Amino acid sequence: MTAHEADRAPRTAAPVHTDKVNLLGLTRPQMEEFFLAMGEKKFRAQQVLKWIHHHQADDFEQMTDVGKALREKLARVAEIRGPKVLHEGISRDGTRKWVFEADNGGAVETVFIPDGRRGTLCVSSQVGCAVDCSFCSTGKQGFQRDMTSAEIIGQVWQASRAFGPRKNLGEHPITNVVMMGMGEPMLNYEPVLSAMRIMRDDLGYGISKRRITLSTSGVVPKIDQLSRDLDVSLAVSLHAPNDELRNELVPLNRKYPLADLMAACKRYSDAITHRHNTITMEYVMLRDVNDKPEHARQLVKLLKGIPVKVNLIPFNPFPHAGYERSRKADILAFHKFLNDNGVLTTVRTTRGDDIDAACGQLVGEVKDRTRRSERWQASIFHRTEQPDSNAAPAQ
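Rules of the game
Residues numbered from 1 in each chain as written. Predicted model: local features only at pLDDT ≥ 70, side-chain atom pairs only at ≥ 80, totals over all residues. Heavy atoms only, no water. Helix = DSSP H or I, 4+ residues; strand = E, 2+ residues; numbered from the N terminus. Buried < 20%, exposed > 50% of the residue type's maximum accessible area, 1.4 Å probe, protein only. pLDDT = per-residue confidence, 0-100. Contact = heavy atoms within 4.5 Å. Phe/Tyr/Trp six-rings, centres within 6.5 Å; stacked < 30°, edge-to-face > 60°. Lys NZ or Arg CZ within 6 Å of the ring centre and 35° of its normal. Pairing = 2+ DSSP bridges. Axes fitted to C-alpha atoms, helices over the stretch in contact; angles between N-to-C directions. Parallel < 35°, antiparallel > 145°, perpendicular 65-115°, else oblique. Left-handed = near helix turned anticlockwise from the far one by under 90°. Nonpolar A, V, L, I, M, F, W, Y, C, P; charged D, E, K, R; others polar. Salt bridge = Lys/Arg side-chain N within 4 Å of Asp/Glu carboxyl O.

## Some remarks on the overall build of the protein chain
When helices and strands are counted, the protein chain shows 13 helices and 14 strands. Buried residues in the protein chain amount to 54% of all 395 residues.

## A few points about the confidence of the model for the protein chain
Overall, the predicted model of the protein chain reaches an average pLDDT of 86, with 81% of residues at or above 70. In the predicted structure, residues 1-16 sits below a pLDDT of 50 and forms 37 contacts with residues beyond four places in sequence or in another chain. Between residues 387-395, whose pLDDT stays under 50, and residues either more than four places distant or in other chains, the model counts zero contacts.

## Re the packing of aromatic side chains
Summed over the entire model, instances satisfying the criterion amount to five aromatic pairs. For the ring pair Phe 315 and Tyr 323, a centre distance of 6.3 Å and an interplane angle of 70° mean the geometry is edge-to-face. Here Phe 315 and Tyr 323 have matching classes, each one buried. Taken together, the ring pairs connect Trp 98, Phe 112 and Phe 163 into an aromatic cluster. Sitting over the face of the ring of Trp 157, Arg 161 holds its NZ or CZ atom 4.3 Å from the ring centroid. Geometry around Tyr 189 places Lys 222 over its ring, the cationic atom sitting 4.8 Å from the centre.

## Here's the deal with the sheet that holds strand β9 (residues 176-179)
The sheet built from ten strands is open, its strands ordered β3-β4-β5-β6-β9-β10-β11-β12-β13-β14 with mixed pairing. The two strands at the open ends of the sheet, each matched to only one other strand, are β3 (84-90) and β14 (345-347). On average, each strand axis in the sheet is tilted by 20° relative to the strand beside it, whichever way the strands run. Each of β12 (279-285), β13 (308-314) and β14 is contacted by helix α12 (residues 328-340), which is oriented at about 160° to β14, the strand it contacts most.

## Structural notes on the packing of helix α2 (residues 28-37) against helix α3 (residues 43-54)
Remark: α2 packs on α3, axes separated minimally by 8 Å, with the N-to-C direction vectors making an angle of 125°. With respect to their mutual orientation, α2 and α3 come out oblique. Handedness of the crossing formed by α2 with α3: right-handed. Seen from α2, the contacting residues are Arg 28, Met 31, Glu 32 and Phe 35; seen from α3, they are Arg 44, Ala 45, Val 48, Leu 49 and Ile 52. Each residue belonging to the contact of α2 with α3 can be placed in one class, and the counts come to six nonpolar, no polar and three charged.

## Comments concerning unusual backbone geometry
Within the chain, Gln 56 stands out as a residue other than glycine whose phi angle is a positive 60°. Note that Gln 56 resides in the loop between α3 and α4 (68-77). Gln 56 sits in the buried class, given a relative accessible area of 7%.

## Details of the environment of Met 38
By the element assignment, Met 38 lies in the loop between α2 and α3. In this structure Met 38 touches Leu 70, Lys 73, Leu 74 and Val 77, once residues within four positions along its chain are discounted.

## A short note on the pattern of salt bridges
Here the structure, examined in full by the defined rule, presents 17 salt bridges. The closest approach of N and O atoms between Asp 201 and Arg 28, which form a salt bridge, is 2.6 Å. One end of the pair, Asp 201, is in the loop between α7 (189-200) and β10 (212-216); the other, Arg 28, is in helix α2, with 173 residues separating them in the sequence. For Asp 201, a relative accessible area of 17% corresponds to the buried category. Here the salt bridges share partners, and the residues they tie into one network are Glu 79, Arg 81 and Asp 103.

Right, here's the structure in full:
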């Protein structure tokens with residue numbers, strides 16, 4: 001799939017198991033509309049939202065402050081159905097990974113990263129990914145479909161259930177959510193937006209706007225739309241300081257080149273209201289590809305005038321990736337140069353790599369509609385089956 005095709009890929013809605021409304025994916029206004037359409041009062045929405053997201057209820061009979069007649073009525077027309085947990089793994093460093101079954105049999109992965117009092121949940125937005133960044137294992141699986149808002153917020157719901165009922169909004173292991181899992185969130189915009197609204201709502205998860213981060217590979221029009229729709233933190237999968245290299249690493253750059261992307265980032269930073277308006281630039285460190293001194297110099301120039309923080313990510317390998325992790329000395333030199341030149345820069349600690357939960361390693365199970373996975377596997381076979389040009393001729 002080309003960069004120009006990536007944001008035109010046909011969208012296939014997930015098949016539903018029943019004709020019941022899955023209340024898990026409804027925002028507060030949507031829940032209020034649902035109850036009004038049933039002939040009920042709006043305040044019922046508040047009751048049910050709290051039961052679903054605060055108490056993690058999955059059965060209307062658990063809702064003790066809702067009358068029996070209404071509980072029975074709800075059971076006939078609605079459901080609370082989160083994604084099925086296929087597997088849960090725990091890393092030696094405390095990172096947890098869940099594999100969730102999507103409605104049509106595909107699977108996505110969600111990761112929880114503990115760090116002291118901070119606990120970050122990395123959430124997926126698509127089954128597969130349409131963007132196909134060259135260094136990302138997820139992209140090599142191809143693209144199947146967008147996820148529904150219920151499937152997206154369902155990952156938060158299921159992870160919360162794994163930690164047990166929360167006593168209050170201020171005490172819960174999940175303090176931050178990042179839309180950095182499988183998929184490009186901006187290409188599944190409306191369901192992602194609804195899910196983030198539930199994350200922010202006090203009747204949902206009460207997570208502050210600066211603790212919810214959406215990561216994009218650079219869908220410029222949607223960055224501008226997000227600045228109008230919802231005030232959350234923004235991260236950009238940058239990975240290269242010039243168009244020629246970024247075209248290779250992030251094919252979407254051919255449609256939205258760096259000049260357009262940086263202008264959109266500046267507009268977003270100017271538009272958001274919270275004090276921490278810094279945009280995170282994610283930069284995976286690839287040995288002898290984007291980690292040279294000239295790349296650091298270009299990056300400083302590119303980011304001038306935009307309030308940013310650069311997060312250097314040591315490459316996490318996967319089979320037949322074609323890239324290697326940058327040398328530690330090169331990462332440290334790159335880090336020092338950026339900081340010395342006024343660009344706040346950190347190096348991400350690799351977490352969960354022993355359970356394939358590190359950045360760029362999420363794969364799930366994708367019934368690829370793009371045939372990208374098939375083509376990639378064929379290219380691997382072609383490379384590995386090529387005869388050695390230095391080998392002696394057969395006798």
